[in-house]
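Listed here are the chains, written in short residue letters.
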There are 2 protein chains.
Amino acid sequence: MSLELTPVQAVACCSPLTREPVSEEVAEQVSVMLKALGDPVRLRLMSLVASHQGGEACVCDLNDAFELSQPTISHHLKVLHEAGLLEREKRGVWAYYRARTEVLANLAAVIGGSER
Amino acid sequence: MSLELTPVQAVACCSPLTREPVSEEVAEQVSVMLKALGDPVRLRLMSLVASHQGGEACVCDLNDAFELSQPTISHHLKVLHEAGLLEREKRGVWAYYRARTEVLANLAAVIGGSER
DNA sequence: TGTAAATATTGATGCGTGTCTATGTCTCTG
DNA sequence: CAGAGACATAGACACGCATCAATATTTACA
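What counts, and at which threshold
- Residues numbered from 1 in each chain as written.
- Chains lettered and ligands numbered in written order.
- Predicted model: local features only at pLDDT ≥ 70, side-chain atom pairs only at ≥ 80, totals over all residues.
- Heavy atoms only, no water.
- Helix = DSSP H or I, 4+ residues; strand = E, 2+ residues; numbered from the N terminus.
- Expected span 1.5 Å × (residues − 1).
- Pairing = 2+ DSSP bridges.
- Near = heavy atom within 4 Å.
- Polar contact = N/O pair within 3.5 Å; in protein donor to acceptor, adjacent residues only side chain to side chain.
- Nonpolar A, V, L, I, M, F, W, Y, C, P; charged D, E, K, R; others polar.
- Buried < 20%, exposed > 50% of the residue type's maximum accessible area, 1.4 Å probe, protein only.
- Disulfide = S-S within 2.5 Å.
- Salt bridge = Lys/Arg side-chain N within 4 Å of Asp/Glu carboxyl O.

Caption draft 1: Just helix 5 (residues 70-82) of chain B, in detail. Across its 13 residues, helix 5 of chain B extends 18 Å between first and last C-alpha, which sits within 8% of the 18 Å expected from 1.5 Å per residue. Directly beyond the C-terminal end of helix 5 of chain B, a positive phi value near 90° is found at B:Gly84.

Shown next, in the form of structure tokens:
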């Protein structure tokens, strides 16, 4: 375990924005997640995956939903993955991404939560 | 009223990410808000204002919390204001920013909500 | 009226990032 | 083993953006 916080850890441990000022370190990590969602294409990708059957979707389906090149979609999925918002699993030739709904819930709690 | 959605309207009317795919238009507007929060300095600013006495804070106090120039802080506050996350009120020489907690709550519901 | 203080605006600069084409890697199948 | 298909990576480019110094604007007060 490192002293460096990951976005997933940061979002799981801190109080809501509105309760007390977030530390510099937490802000740094949480903003990684928000920045990842702060792009229209990535937000739609996240929503497509999260709302899909079983909370997961195949890249092949995602590519067709946009008029963007395949590498661009791949890039955006990587950003979401590295932010801790998507899990990735390769099955055969296909890659499946799964939404980490508990992370989304934690993020939501930090943004708008009143509890904790 | 315009046909164009504002970020505040978009975040108030749509279902959670995980329920159904967000439309292109909603994604465009919601991502404005997320992008605004997707910067460490702005996230801390938002938290400072929201967690402050009465949900509002004076710019003079905010400037002191960062080792950044006054115009830079002013710029970030403007971004948060234009995203619909902060309200602004001038009283005398001082400017006060107030967190729109209901907007934050709506945003949180879109991100991690399961209801609606 | 004139000066000082608080905040916003402007313009410049360097770095970050969204997008593309080209190419690599891996897996299945004939 | 060879070819095809799915996805990722690399490199390039144009645009966006965080930051600053300088300046404008507004308000209070002497």
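Caption draft 2: Representation of the pairing of strand 2 (residues 86-91) of chain B in the model. Residue and element names in this part refer to chain B. Both strand 2 and strand 3 (residues 94-99) contribute to a ladder of six bridges, which runs antiparallel. By the bridge assignment, Glu89 is partnered in strand 3 with Tyr96. With antiparallel pairing between neighbouring strands as the criterion, strand 2 and strand 3 make up a hairpin whose turn holds two residues, including Gly92 at a positive phi of roughly 65°.

Caption draft 3: Quick peek at the protein's contact with DNA strand D. Surrounding DNA strand D, one finds 23 residues, the nearest of these being A:Gln70, A:Ser74, A:Tyr97, B:Thr72 and B:His76. In DNA strand D, atoms within 4 Å of the protein come from the sugar-phosphate backbone in 77% of cases. B:Thr72 has a polar side-chain atom sitting 2.8 Å from a phosphate oxygen of DNA strand D. Its residues placed into classes, the surface near DNA strand D shows 11 nonpolar, seven polar and five charged.

Caption draft 4: Fine view of helix 2 (residues 24-37) of chain A. Taking 1.5 Å as the rise per residue, helix 2 of chain A with 14 residues should run 20 Å; its terminal C-alpha atoms sit 20 Å apart, in good agreement. Regarding helix 2 of chain A, the residues found buried are A:Val26, A:Ala27, A:Gln29, A:Val30, A:Ser31, A:Met33, A:Leu34, A:Ala36 and A:Leu37.

Caption draft 5: Examining the state of the cysteines more closely. All names here are of chain A. Counting across every chain of the model gives two disulfides over all chains. The disulfide partner of Cys58 is Cys60, and the S-S distance across this bridge is 2.4 Å. Handedness here is read from the sign of the S-S torsion; for Cys58 and Cys60, about 125°, the answer is right-handed.

Caption draft 6: Fine view of the pattern of salt bridges. Residue and element names in this part refer to chain A. Per the stated rule, a full pass over the model turns up 10 salt bridges over all chains. Note that Glu56 and Arg98 form a salt bridge whose closest N and O atoms lie 2.9 Å from each other. Here Arg98 lies in strand 3 (residues 94-99) and Glu56 lies in strand 1 (residues 56-58), a separation of 42 residues in the sequence. Note on Glu56: relative accessible area 14%, which makes it buried. Its salt-bridge partner being Arg91, residue Glu89 comes within 3.1 Å of it at the nearest N-O pair. With a relative accessible area of 37%, Glu89 lands in the partly exposed category. Note on Arg91: relative accessible area 33%, which makes it partly exposed. Through salt bridges that share partners, Glu56, Glu89, Arg91 and Arg98 make up one connected network.

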